[in-house]
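A structural walkthrough
Here are the chains, one letter per residue:
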Amino acid sequence: MKILSAFLLVTSLLCIDHKEPKGFITHSFSVDSLGACQGISIQGNRVFLYGDREIGMIREFRVMGDSLERVGKELKLTLNDTDVINHPTGLADHDDMPVFIGNSIRLNKEGTLWRAVIYHVNWDGLQKTGTLDGNLLNIIEDDACIQGTRPEYVPYRNKWYVATADYGNKGNEVRLYDPELLRRARSTKEKGVLYKKFTCPAWVQNLHWIPGKNKLVLIQNQIEGKRWRLSFVDLASSIEKGTAQITGVVETDRADELEGFAFINAENGFAVTSSRKNNVSKMRLTDY
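Residues numbered from 1 in each chain as written. Predicted model: local features only at pLDDT ≥ 70, side-chain atom pairs only at ≥ 80, totals over all residues. Heavy atoms only, no water.

**Observations concerning the pattern of salt bridges**
Oppositely charged side chains can form a pair if their charged atoms are brought close together. Rules: The term salt bridge refers to a pairing of a side-chain nitrogen on Lys or Arg with a carboxyl oxygen on Asp or Glu at a separation within 4 Å. Segments assigned H or I by DSSP are reported as helices when at least four residues long, segments assigned E as strands when at least two residues long, and all are numbered from the N terminus. Partly exposed describes any residue whose relative accessible area lies between the buried limit of under 20% and the exposed limit of over 50%, with all areas from a 1.4 Å probe on protein chains only and scaled to the type maximum.
All chains considered together, the criterion is met by 17 salt bridges. Among the ionic pairs, Arg-53 bridges to Glu-74, the shortest N-O distance being 2.8 Å. In this pair, Arg-53 is assigned in the loop between β3 (46-52) and β4 (56-64) and Glu-74 in strand β5 (residues 67-76), connecting sequence segments 21 residues apart. We classify Glu-74 as buried; its relative accessible area is 17%. Asp-66 is the partner of Lys-282 in a salt bridge, and the nearest nitrogen-oxygen pair spans 3.1 Å. Placement of the pair is Lys-282 in strand β22 (residues 280-286) and Asp-66 in the loop between β4 and β5, with a sequence separation of 216 residues. Among the ionic contacts, a cluster of salt bridges with common partners joins Asp-32, Arg-53, Glu-54, Arg-59 and Glu-74.

So, in structure tokens, the structure goes:
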């Protein structure tokens, strides 16, 4: 009887604890002059969208109700008027730590050859001058990657690391780099730069850390280049087990290419796509 009671208690607790995350698009709208939007970064009350117009660029916004309002100057990812970060795929910023921008360059139409580069930038200087001139501090070949790079800061065991992930459908990994070694490196294969890694599902476009939840969001496509998926991952458990420990998944029926997502508060965030119209959507997410 005691064994049966204990079993029933554990079973009931598991049932109470397990909730599938829910996600809803509450409002979609168009933001122009981004080219194909590649991601979103929330920094306090500031929102940055980055894309690959005729040059790689970043634009600043602020939240206005269900939409975003443009503020500030456009940041051109150019050096001496030459496009440098032509396809920005990640903007890693946390407190006073080094700021990194990713660049994923397709080298063949089949998408089997890529060059992935991480740029250490003077973020304050870039915002003041509007270009990389005088603000490009280091260029790091992310040759530890498999397909593309998308840097995002994450904490693990009381230290912050730069996480990144692959996009393809074979051998995908999330990797954690030491930011102090990364900022001075020429290659992510240099000794000590790569700290930990774990395998993950296919078609990861971007990463987003959720403070206070100890979870990492894999911002994905359901199939190559199409349809939305957000996978919530227990980061510590994933690192320890060597493969992504997914605690819940949110999918939508939107058919376009989800590129980025970031929370603005506990239940609301903005998702961005590469579409020309309705490329930004406010979402409400619960039980994640």
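**Examining unusual backbone geometry**
A negative phi angle characterises most non-glycine residues, just as the trans form characterises most peptide bonds. Positive phi values are uncommon outside glycine, yet Ser-33 reaches one of about 65°. With respect to the helices and strands, the residue Ser-33 is situated in the loop between β1 (22-29) and β2 (37-43). Judged by its relative accessible area of 31%, Ser-33 is partly exposed. Although it is not a glycine, Asn-158 adopts a positive phi angle of roughly 65°. Positionally, Asn-158 belongs in the loop between β12 (152-156) and β13 (159-165).

**Re the sheet that holds strand β9 (residues 99-106)**
Short version of the rule: A pair of strands is considered paired only if DSSP assigns at least 2 bridges between the two. All axes are obtained by fitting lines to C-alpha atoms, using only the stretch in contact for helices, and the reported angles, taken between N-to-C directions, cover 0 to 180 degrees.
Ordered in space as β8-β9-β10-β11, the four strands form an open sheet in which the pairing is antiparallel. Each edge of the open sheet is held by one strand with a lone partner, namely β8 (88-92) and β11 (136-141). Averaged over all pairs of adjacent strands, the angle between their axes in this sheet comes to 20°, without regard to strand direction. Across three bridges, the pairing between β8 and β9 is antiparallel. Counted as the bridge partner of Leu-91 is Ile-101 from β9.

**Some details on the sheet that holds strand β14 (residues 173-177)**
The four strands lie next to each other as β12-β13-β14-β15, forming an open sheet whose pairing is antiparallel. In the strand order of this sheet, the two ends are held by β12 and β15 (194-199), each with one partner. Each adjacent strand pair in this sheet contributes to an overall mean axis angle of 35°, direction not counted. In this structure, β14 lies alongside β15, joined through five bridges in antiparallel fashion. Note that in β15 the partner of Arg-175 across the bridge is Lys-197.

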